[in-house]
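# Analysis of the macromolecular model
Here's the letter readout for the chains.
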Amino acid sequence: IYKLVSVVTEKRRHSAHPTVKAKELGCQDAAFYPNGGFLGFKSIKEMQAADKAKLFPDFMIKRQDFMSGLTGRVCSTFRISLLGQTMYFTSDPKNIQAMLATQFADYDLGPVRRANMSQTLGNGIFVQDGKQWEHSRALLRPSFVREQISDLELEERHVQNLIDVLKPQQDGWTAETEIQTLFFRLTIDSATEFLFGESVDSQLVEADSALRTPGKHAKRATDELAFSKNFDSAQRHMAQRFRLGDMYWVHNPKEYKENNRIIDEFVKHYVNLALKKSTSEKKAEEGRHGYVFLEALAEQTRDPKELAAQLLNILLAGRDTTASLLSWLFNQLLRHPAVFATLRATVVETFGTYDDPRDITFATLKGCQYLQYCLSETLRLWTVVPGNSRRTNKPTTLPRGGGPKGEDPIYLPAQVEVNYSIHVMQRRKDLWGEDADEFKPERFQGRRPGWEYLPFNGGPRICIGQQFALTEASYVVVRLLQKFDRIMPGAHELEGPITSNLTLTNSPGKPVTLRLHEAKA
Ligand code: HEM
C-alpha cells in the first residue's frame, strides 16, 4: 500500500509540477529552432521542398548545422515547434541510446505512429508497443535463426535470374542498365519465396514475354507489379503524413486508400493459401522448398488479420531494405573505382571465380572483412533508415542537450515526440573525423563502433533481420563481382548531386544506371 501511495503521489507531483521535477533533476531545455514560422508552417514547407528535391537527409544535416552556428557549439539536440506541437530532434548517441536501451521503458513508438502506419501495415511489429510488441517479437524470432536465414541455394536461383537479364553484348559490356530496379525485383523474388513458399518471380516476366508464350509467371508478376507500385506509393504517403506530426490525418488522399486496398488483396491471397494448406499437403511438399515463414507462423496463429499484418511488416522490412543497401553500394562503387577493384580482387581471391566458386557460406561471407567494410561504410553514409522517432509514455528525460552548453539533461513530459536521425549522427565530423563525408570502407578496420553507428537500431528493438540482410547482400555482391570485372557509370549517372528517394526507407534518387563488363572464364 505504501508503495502504491508513493507511486501515485509521485506521479501526480510529476505531472502537476513539471518545472519542480525538472529542477530537481538538474534539467534545462534544449535550444529552439527559430525558423519554423507561424505555427511551424515554414518548417513544413522546408521539409516538403527538401522531399521534392530528393534531398531530405541533406536537409536534416543543414538544419543541425544551422543550429550549431546559432549556438556556437555542436548542437545535436534541439526543440522544434510544429502545428502547435513541441517536439525534439537529436543526433546525439547518448540520447539515442537512452531512448532505445537505457530508458527503453519510458519511450514507445507511440499512438501517433501506430495510427499513421497501421492503415497500411495493420497491427504488425512496426507499430506495436508493450505486450503486443513482445508477442510479435517472440512470434517472429524463430524465423530468423541462423539455419533459416542462410539458405544460399534459394538466393542463388534468384541471382541466376538477375544475371540472365544482365546479358553482355559483343564487346563484353552489358547495355546501360538500371541496377536498382533489378535489385528491387531480386529481393521481392527471394523475400516472397522465403515468406510465402512461392516466389512472385518478377525477374522472369521478361523471359516469358521474350518467348511470346502466355507466361506461367505472368499472372503472379502482374499482381506483384501492382503490389509493388501501390506499396511504394503507400510508403510515400506515410512519409508525408509523418512530416505533419500529430496532424498526420490531414493527409489522407484517395490514392492512399486505393493503395491500401490493393496491398490488402495481395497479402490476403497468400494468407488464405497458407491457412487452407493441410498438414498432409505440407508434408508432401517438404523437399520442394525449405523453410516457409508464413507456414511456420500459421502453426502459431490462425488469425488471418494477424497473419496478414505480420507478413506485410516483414515484407516491408525484407524487400526495400536489402535492395536499398545493394543500390547504394553500387552507387558508391561507380564513384570509387579503386574500392571496386579492391573488392573484386578480394571476392575472387576468397571465393574463386563465377564458374568455379568455392566455399560461399554464411560464415565465410561474414568473415570476408573487406566486403563487410564496404557494406558497413555504405550503411554509414547512406543508411537505409535515416530518420526515426520515439514518444515518451511517461515524464522522463533525455540525458543530454539542455542548457547553454548542451550538457544538461532535458525534462520531457509524457507524449512528447523525439525525432532522431542516424543519417545525421553517422556523418558528424566530431564523431567520425574530418573525412566523415567520404566513402572509405577501410575506416572500419580495427574499429568497433558503439552507439555512434546504428544502421540496424539498438537495444531490445534491434533489427531482427540484420544477419538475413547482410548475408543476402553479401551473397549477391560476391556472385556479381565474380561474374563482372569492370563497372562503368551510365551516361547521366554522375550528373548533379546524389539524391535520395526517401519514404520509410531510403534508396538512391536515380536508379543507379551502369554497364558491367563480363570477366573472362
Ligand atoms: C540493410 C537492411 C536492413 C536495415 C538497415 C534495417 C534496419 C532496421 C531498423 C533501423 C529498424 C528499427 C526500426 C524502428 O525501431 O523504428 C529495424 C527493425 C526491424 N527490422 Fe530491419 N533492417 C534491415 C533488414 C531487415 C530484414 C531483411 C528484415 C526481415 C526480413 C528486417 C526485419 C526487421 C524487423 C522485424 C524489425 C522490427 C524489430 C522490432 O521492432 O522489434 N530488417 N530494421
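None of the values given here were measured: they were computed from a predicted structure. (Residues numbered from 1 in each chain as written. Predicted model: local features only at pLDDT ≥ 70, side-chain atom pairs only at ≥ 80, totals over all residues.)

### Some words on the overall build of the protein chain
Short version of the rule: Helix and strand definitions here come from DSSP, where helices need a minimum of 4 consecutive H or I residues and strands a minimum of 2 consecutive E residues; each element is numbered from the N-terminal end. Counting other C-beta atoms within 10 Å of its own, a residue is labelled buried from 20 upward, exposed at 12 or fewer, and partly exposed in the gap between, with every C-beta atom placed from the backbone. Here, residues touch in the contact sense if the C-beta positions derived from the backbone fall within 7 Å of one another.
Scanning the protein chain from terminus to terminus reveals 22 helices and 13 strands. When burial is assessed residue by residue, the protein chain has 43% of its 521 residues classed as buried. Here the analysis covers contacts within the protein chain between residues at least 6 apart in sequence; of these, 75% occur between residues at least 24 apart.

### A few points about the UniProt feature "binding site: heme" (unreviewed entry) in the protein chain
Put simply, the rule reads: UniProt positions are given in the numbering used here, feature names are shortened, and annotations may be inferred rather than shown by experiment.
In this numbering, the UniProt entry assigns the feature "binding site: heme" (unreviewed entry) to Cys 463. Note on placement: Cys 463 falls in the loop between helix 21 (429-432) and helix 22 (466-483). Classification of Cys 463 by C-beta neighbours within 10 Å gives partly exposed; the count is 18. Residue contacts for Cys 463: discarding those within four places in its chain leaves Phe 456 and Asn 457.

### A few points about the environment of Arg 261
With respect to the helices and strands, Arg 261 occurs in helix 13 (residues 254-276). Taking the C-beta count within 10 Å as the criterion, Arg 261 has 11 such neighbours and is therefore assigned exposed. Once the C-alpha coordinates of Arg 261 and Asn 230 are considered, the two residues, 31 residues apart in sequence, prove to be 9.0 Å apart.

### Remarks on the sheet that holds strand 13 (residues 513-518)
Rules: Strands pair, by our definition, only if DSSP identifies at least two bridges between them.
Across the sheet, which stays open at both edges, the three strands sit in the order 5-13-10 with antiparallel pairing between neighbours. Looking at the sheet topology across the chains shown, the edges are occupied by strand 5 (177-178) and strand 10 (484-489). Taken together, the five bridges between strand 10 and strand 13 define a ladder with antiparallel strand orientation. For Ile 487, the partnering residue across the bridge sits in strand 13 and is Leu 516.

### Quick word on the packing of helix 10 (residues 179-196) against helix 16 (residues 304-335)
The following threshold applies: Lines are fitted to the C-alpha atoms to define the axes, a helix being fitted only along its stretch in contact, and any angle between axes, read from their N-to-C directions, falls within 0 to 180 degrees. Should the near helix be turned counterclockwise from the far one by less than a right angle, the crossing is left-handed, whereas a clockwise turn marks it as right-handed. Residues are grouped as follows: nonpolar covers Ala, Val, Leu, Ile, Met, Phe, Trp, Tyr, Cys and Pro; charged covers Asp, Glu, Lys and Arg; every other residue, Gly included, is treated as polar.
For the pair helix 10 and helix 16, the least separation of the axes is 9 Å and the interaxial angle reads 145°. Seen along the crossing, helix 10 lies across helix 16 with a hand that is right-handed. Residue-level contacts link Ile 179, Gln 180, Phe 183, Phe 184, Thr 187, Ile 188, Ala 191 and Leu 195 of helix 10 to Leu 311, Ile 314, Leu 315, Gly 318, Arg 319, Thr 322, Ala 323, Leu 326, Ser 327 and Phe 330 of helix 16. Split by residue class, the contact of helix 10 with helix 16 holds 12 nonpolar, five polar and one charged.

### Some remarks on the nonpolar core
Within soluble globular proteins, side chains that are nonpolar tend to cluster in buried spots. Our working definition: Put simply, a nonpolar core is a cluster of buried Ala, Val, Leu, Ile, Met, Phe, Trp, Tyr and Cys residues tied together by C-beta atoms within 7 Å.
Leu 195, Leu 294, Leu 311, Leu 312, Leu 325 and Leu 329 are the most contacted members of the largest nonpolar core, which has 118 residues in total. If one sorts the elements of this core by residue count, helix 16 sits on top with 16 residues. Each residue touching Leu 311, except ones within four places of it in the same chain, is listed here: Leu 195, Val 267, Tyr 270, Val 271 and Leu 294.

### Description of the site of the ligand
For clarity, the threshold we go by: To decide whether a residue is near a molecule or strand, its C-beta atom is placed from the backbone and checked for lying within 6 Å of it.
Surrounding the ligand, one finds 21 residues, the nearest of these being Ala 317, Gly 318, Thr 321, Cys 463 and Gly 465. Listed by contribution, the elements that provide at least two residues to the shell around the ligand are helix 7 (130-140), helix 16 and helix 22. Among the elements that make up the shell around the ligand, the one with the highest residue count is helix 16 (six residues). Residues that form the shell around the ligand fall into these classes: 13 nonpolar, six polar and two charged.

### Section: the pairing of strand 3 (residues 85-90)
Taken together, the six bridges between strand 2 (residues 77-82) and strand 3 define a ladder with antiparallel strand orientation. Across the sheet, the residue bridging to Ser 81 is Thr 86, located in strand 3. Direction of pairing for strand 3 relative to strand 9 (residues 417-421): parallel, over a ladder of three bridges. The residue bridging Tyr 88 from the neighbouring strand is Val 418, located in strand 9.

### Some details on the sheet that holds strand 9
Read from one edge of the open sheet, six strands run 1-2-3-9-6-4, paired in mixed fashion. One side of each edge strand has no neighbouring strand; the edge strands of this open sheet are strand 1 (31-32) and strand 4 (107-108). Contacting strand 2, strand 3, strand 4, strand 6 (387-392) and strand 9, helix 5 (residues 93-102) crosses the sheet at an angle of about 120° to strand 9.

### So, the environment of Val 292
Tracing the sequence through the fold places Val 292 in the loop between helix 14 (279-285) and helix 15 (293-300). Between the alpha carbons of Val 292 and Ala 341 there is a distance of 38 Å; along the sequence they are 49 residues apart.

### Here we look at helix 16
The test is simple: Given a helix with a known number of residues, its expected span is that number minus one, times 1.5 Å.
Under the 1.5 Å per step criterion, the end-to-end length of helix 16 is 47 Å for 32 residues, consistent within 8% with the ideal 46 Å. The buried fraction of helix 16 amounts to 27 of the 32 residues, a majority that puts the element mostly inside the structure.

### Let's talk about the confidence of the model for the protein chain
Detailed conclusions should not be drawn from predicted coordinates in areas where pLDDT is low. Where we set the bar: Per-residue confidence from the predictor is reported as pLDDT, a score between 0 and 100.
In this model, the protein chain carries a mean pLDDT of 89, and residues with pLDDT of at least 70 account for 89%. Scored below 50 in pLDDT, residues 208-214 makes five contacts in the model with residues more than four places away or belonging to other chains. Interface predicted TM-score (ipTM) for the complex: 0.99; the corresponding pTM is 0.91.

### Brief notes about the packing of helix 17 (residues 337-351) against helix 19 (residues 369-381)
For the record, the criterion: These descriptions rest on fixed angle ranges, namely under 35 degrees for roughly parallel, over 145 for roughly antiparallel, 65 to 115 for roughly perpendicular, and the rest for oblique.
At their nearest, the axes of helix 17 and helix 19 sit 9 Å apart, and the two run at 140° to each other. Taken together, the axis directions place helix 17 and helix 19 in an arrangement best described as oblique. Once helix 17 is placed against helix 19, the crossing between them reads as left-handed. On the side of helix 17, the interface is formed by Val 339, Thr 342, Leu 343, Thr 346 and Val 347, while helix 19 contributes Tyr 370, Leu 371 and Cys 374.

### Looking at the pairing of strand 6
Across the six residues that make up strand 6, a large majority, six, are buried. Where strand 4 lies against strand 6, two bridges are found, and the strand directions are antiparallel. Residue pairing across strands places Asp 108 opposite Arg 391, the latter belonging to strand 6. Of the pairings in the sheet, the one linking strand 6 to strand 9 comprises five bridges and is antiparallel in character. Its bridge partner lying in strand 9, Ser 389 is registered against Asn 419.

### Observations regarding unusual backbone geometry
The backbone of Leu 39 shows a phi angle near 55°, a positive value even though the residue is not glycine. Within the fold, Leu 39 resides in the loop between strand 1 and helix 3 (41-52). On the basis of neighbour counts, which here come to 13 C-beta atoms within 10 Å, the residue Leu 39 falls in the partly exposed class.

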